[in-house]
Amino acid sequence: MFYSPVITNAAEAVKNEKLHLFRFVEDSEQVKIGTYEAHGGYQAWKKALTSMQPAQIVEEVKKSGLRGRGGAGFPTGMKWSFIPKDSPKPRYLICNADESEPGTCKDRVLMERDPHAVIEGMAIAAYAIGCHRMFIYIRGEFNHSIIRLETAVKEAYAHKHLGKNIYGTGYDLDMVVHSGGGAYICGEETALLNSLEGERGMSRIRPPFPAIEGLYACPTIVNNVETLASVPHIINRGADWYRTLGTEKSSGTKIFSLSGHVKRPGNYEVELGFNLKKLIYDPAYGGGILGDKKIKGVIPGGSSTPFLKADMLDVNLDYESLAQAGSMLGSGAVIVFHEDTCIVWVILKLIHFYRHESCGKCTPCREGTGWLEQIIGRIEAGGGKPGDIELIEDVCGNILGRTICPLGDAAVMPIQSAIKHWRDEWQFHIDNKKCMVKTNFEFR
Amino acid sequence: MADKQNPETGGQATVTLTIDGLTVTVPRGYTVLEAARSIGINIPTFCWHPKLKPVGACRICYVEIEKFPKLQVSCATVAMDGMVVHTNTDQVKNGRRAVLEFILLNHPLDCPTCDKGGECDLQNLTFAHGLDDSRFAFQKYRFVDDDMTTTFDDKRIGPEIILNRNRCILCYKCVRANKEAFGEYDLGAYERGNITEINAAPGRQVANPFSGNLVEICPVGALTNTDWRYKIRVWLTKTTPSICNFSSSGTNILFYKEDHKNKIYRVTSRRNDDIDDGWLADITRYSYQVITSDERLIKPLIKKEGKQVPATWEEALEVIKKRLNEIKDKKGGVCIGGLASPSLDNASLYSFAKFLRRTFNSNKLDYRQDYRMLPKDTANNYSILASQPFKIAGIDDSDVIVTFATDLLREHQNEYLRVRKAFNFKKARIFVANPYAVKTADVAELEMVYKVGTDEIFINAVCLAALEENLVACPDRADLKKKIKPSSLKDAAEQCGVAPETIKIMARALAEGKKVTFIAGELLTRCRDREIIASALCNLNRLFGLNRKGQIAVLARYANSMGAVKLGISPEPVPALKKELEKIWSGLPDTEAYNTDTMLVHMKKEEINGFIIMGANPVMLYPDREFVKESLEKLDFLVVCDLYETETTALADVVLPLAGWAEYAGDYINLEGCRQHAEQALKPRFEAYPGYEILEMIADKFEKKLFSSTEERESEIDRLLKVDTTLPWPDGFVEVKTAEIEIEKDYPLALFLCDDPHHCGHLTEKANSLVNFCGEAYIEMAEEQARAYNLNEGDSVRLESPIGKIIVPLKISEHLDNQVVLVPRNFTSHPVTSLLMRKRRIDWVRISKVAE
């Protein structure tokens, strides 16, 4: 059995009752349905289907305070309740497994090492919204995840957890594993819907929201992998137990993908409200900075979120605290940069990514990201001109909040924060045609 | 756009909002943009199109709405009660200027050589916003292709379309229109980010029958068509409103012309929501080239010693006078007949009929040159059906639409788009029934391909399904079973080869539909047994009450077919019309009336000796070419007026050059009975004259003026057009006879004659652009069938019937799927009518491969 060589804190999760997502991810047998069932798998699905009403499940999830783990942090139960009650159309559940945010690799671990948990969570969510056909849209590059899921779905059918008349309740549920075509934008839910329908992956204008008119113009719920994987535990142990995890407004646990200049990059499941500094420095987690250098800055929630400077690191990792600190929890990808990193170079890499991934639909994002890459590239290469910083700020301002989907915002927020925090460094780059810090560190 | 009263949203049908301090009330569902435009506030747009769903891609239509934190795109924001909208604040202006700046970053500044210059949205907006400087200091992105076929960065993506991706601002209007409105997928967007490009689908050409629209809706010069490119600047042209001469719906168009050169440069749409929705079929857009072609007849021709030689008009008219008088004196005026094209204007058609009836006392005239054996009078169910009122826009709000015996894409493109629209925007249920598969079925809930020659049995089966399932409340429904054979759904369904369950679904939809549009088409009109099928349709109409809860119609085929009916050009006009004609002319000839077919038979018997043909080409279009030719050759004297030398003019004693529809002002009546005016765009070219003037000149020679003045002619036409020519439905159910279908041994395939989607009748092969789309005839068949004969795409196929054979190249069809082959009839080089027998219902043929 092949695993992506990613460090996790599964060992801690085995000991700590509260960490439920990662408990079995280091168990190489967990991908098999027999092991999963022996570990109490599919009990929640059986319980939900045989003893609970859909409305009860929605209520339970609402009560648990579970929020979307894909980036926006929207309350999951509330999202489910947006499905129109009286629509005669079929409803669809889609699991968004197009995990492409730079720095994020949490869903991949779940899909590769505990695929049945994802299926079970999806099944419960499907039942809660009255869906009989659910999809998982997996990023095209995640070959192992796709194979794992396909195998797991076959097993689930064979064990009658999916298919016709599940557990004799008369409820039918089918599942489709769909491989994406390799576009970051397809992680945005409306672009994902277009892609799933066979169209070009471009975001749709809202309203109508997917819950009203989504896949094939039918009511649709799109949830992240981690969100759905949390659902069985809420059903098993109850919303009240889930509320005891994390903080008051950000309940539950969250997987943080720690990367960058840390000694132990990896995926760590912690309760929400965990201290960022601890995550970076604690030997059980990040273990400190490479070469024991100083930290320059941290992106706390994936490349789309604003930077935190070194003096802002004593912050708790939950939705509210990070918002207060001027950033976002996002998808939970903590990227750490040490003091020798050239910020202009980092931003150039990021804007290159966003320029490449802009779907090309709406003007500000399509043209703006290309222009920004050219200007920032010029500065990085030592050709910056006076006024370039102001120009970048102005262009960013013309993109922020002016696009159909959040990709435009995602592209400019880190730039704006990088200029805010390290303006002197940008200026130095332009004035002296070289970098203020000593070396560039190539990411591998 | 919006539903006036949407039951789902409940409450009031309108909303009231404030835009720039003005209060406006609009129907619920209107967008902020539509609301603003309704009170004359202009908000710029690039990607918005009135007939497409909004996408909000270009972002130029920003407005500020109070209580919304960010700028909103007005094209996609639905107007709500109490909204306060500002369209002209600093924030809005800055937002728009930023979008313009973004769009211009990589847009080349080649306005002086760009054909869109002068009518370019981007150019206009750039001037309006005073963006005269650029902060962009990099090389502009330039798309270059390896297979460049034209200069600069242009790429030919279709027979008539050239793409310049550098100019493209990615509003996606072309791709969206192609998909949403036309159902075509030959154009798409490729790549991502700022190098996204619009391009033809890999390995394909943008050659769909609506491709010209893509150029017309392009807001910049990214898509241009070859006919307009580099020929003239738009501000040097003048426009003339006109009507399309090759569609029966009378699509509204604008000619762009230049007076000194007396030349038309292009055609664009003149949007009329009741008729064409602003979309033009390519045949409408490019058919002006029929008039501007240099192959036109220049002078009259007179046959001297077996050869046609040029002559003056005076000479020609003298010959006509002398020869027709000889016939009249020797055999009587009733031995003179005529055939006029149903694409001529009202004045010409009316003059034609008046000339023949008044000067020669002859009732031997017709306007139908391509339908075999049509009835000469109107005392039949077919005429009843064809006279029913129909509204094109009525297709839009129908919830159930049936197309029967018609391939809309080939012959009624306008209605084809309407059916698609009803499906896409109103979720109408579409049912398609035809003896062969057609493209309309893309949007159909059910496609029913019934066996060749069982049209009436299929309709009977639908009626029987309604009876057996007890779906209808028609009081005398019990009578129906006595009038039709077979009398059980099971048998009828088996005979027509459609599953009974399928027929039941359609019957239920017809019964449940709140507004039903039932369209029958050219396959019914062209069919020998049209009366039998029409009887079945009369029963269907009565059983389901279709005419009361919607519309049922046989679509007319030509630009003025309805005008010909309403002005009495048929041998035996409708009784009401006859009465009016009698009053106007104080008397009508009571001689025998012949239709086209009978006239041809009597020519062969030498009982008709003189004949006038105006704009028609029966040799090319009437079934059994040899028969038509022999008949016309037997004539003592034949006059033919046409724009070009044709197969028919070759037989004429005198040929007169006829002016085309753009060369004179005229009225046309479209298939829904709407009278539309086309203005004169050009002076008649060479020595051509409009039909009504030619007839007036000939009548002058006979010293029997047709009209004392133009006003008199117009007032007579006005009086006739006021007559209601709708015929009453039969009382009770009518008997549906059993058709006798001949089977021809050794000829296993059924041949259906059709028009190519880019052609209509015999003139369009003179239009270069249309020839670029399709320049020669083809035989279309299913892939499986081709394989059975060991044929590949493009192979020469010998097509034989018991009376003739032709050789045509093969085209493999994406749609056809049974024992049917199609051949278009528009090409001189492939005389497909020579295969057809006059009296057949089905034209049986066989095919074989031509050895290399």
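Quick caveat: nothing in here was measured; it's all calculated off a predicted structure.

Residue and element names in this part refer to chain B. By the element assignment, R841 lies in the loop between β33 (820-824) and β34 (843-849). Assessed through its relative accessible area of 7%, R841 is described here as buried. Looking at R841, its side chain comes within polar contact range of the side chain of D455, at 2.9 Å. Each residue touching R841, except ones within four places of it in the same chain, is listed here: G453, T454, D455, E456, C527, R528, D529, I533, A739 and E742.

This brings us to empty space enclosed by the protein. Residue and element names in this part refer to chain B. Across all of its chains, the model carries twelve cavities of 30 Å³ or more by this definition. The volume enclosed by the largest cavity comes to roughly 310 Å³. Lining of the largest cavity is provided by 20 residues; of these, R372, R526, F752, R841 and D843 occupy positions nearest its centre. When contributions to the lining of the largest cavity are tallied by element, the ones reaching two or more residues are α17 (522-526) and β29 (749-754). Sorting elements by how many residues they give to the lining of the largest cavity places β29 first, with three residues. Split into classes, the residues belonging to the lining of the largest cavity amount to twelve nonpolar, one polar and seven charged. Roughly 240 Å³ of volume is contained in the second largest cavity.

Let's shift gears to the interface of chain B and chain A. Contact with chain B, which involves 35 residues of that partner, is made by 34 residues of chain A. When chain B packs against chain A, close to 2,800 Å² is buried across both sides, 54% of that on carbon and sulfur atoms. Looking only at chain B, the three residues that lose the most surface to chain A are F102(B), F138(B) and R192(B), adding up to 26% of its buried area. At the boundary of chain B with chain A, the tally comes to three salt bridges. At the boundary of chain B and chain A, one finds 16 residue pairs in polar contact (both at pLDDT 80 or more). Among the secondary structure elements, those contributing two or more residues to the side of chain B that touches chain A are α2 (90-105) and β8 (187-190) of chain B. Looking at the side of chain B that touches chain A element by element, the count peaks at seven residues for α2(B). Across the side of chain B that touches chain A, the residue classes tally to 21 nonpolar, seven polar and seven charged.

This part takes up the pattern of salt bridges. Residues and elements named next belong to chain B. The final tally for this structure, using the stated rule, is 84 salt bridges over all chains. Note that E411 is salt-bridged to R526, the shortest N-O span being 2.8 Å. Of this pair, E411 sits in helix α11 (residues 408-411) while R526 is found in helix α17, placing the two residues 115 residues apart along the sequence. Since its relative accessible area comes to 3%, E411 is described here as buried. For R526, a relative accessible area of 11% corresponds to the buried category. Here K482 makes a salt bridge to D479, at a shortest N to O gap of 3.6 Å. Accessibility expressed as a relative area gives 68% for K482, which makes it exposed. The class of D479 is partly exposed, set by a relative accessible area of 31%. One continuous salt-bridge network, built from bridges that share partners, spans K51, R271, D273, D277, D396, R418 and K421.

In this section: the sheet that holds strand β5 (residues 84-86) of chain B. Residue and element names in this part refer to chain B. Ordered by their spatial adjacency, five strands build an open sheet running β2-β1-β5-β3-β4, and the pairing between neighbours is mixed. Strand pairing shows two members of the sheet lacking a second neighbour, β2 (22-27) and β4 (72-73), which therefore form its edges. Where strand β1 (residues 14-19) meets β2, six bridges bridge the pair, whose relative direction is antiparallel. By the bridge assignment for β2, L17 is matched with V24.

Calculation notes
- Residues numbered from 1 in each chain as written.
- Chains lettered and ligands numbered in written order.
- Predicted model: local features only at pLDDT ≥ 70, side-chain atom pairs only at ≥ 80, totals over all residues.
- Heavy atoms only, no water.
- Helix = DSSP H or I, 4+ residues; strand = E, 2+ residues; numbered from the N terminus.
- Buried < 20%, exposed > 50% of the residue type's maximum accessible area, 1.4 Å probe, protein only.
- Polar contact = N/O pair within 3.5 Å; in protein donor to acceptor, adjacent residues only side chain to side chain.
- Contact = heavy atoms within 4.5 Å.
- 1 Å grid on protein atoms, 1.4 Å probe; cavity = no way out; pocket = protein on both sides within 12 Å on 5 of 7 lines; lining within 4 Å.
- Points joined across faces, edges and corners; volume = space filled by probe spheres on them.
- Nonpolar A, V, L, I, M, F, W, Y, C, P; charged D, E, K, R; others polar.
- Buried area = accessible area lost by both parts, 1.4 Å probe.
- Salt bridge = Lys/Arg side-chain N within 4 Å of Asp/Glu carboxyl O.
- Pairing = 2+ DSSP bridges.

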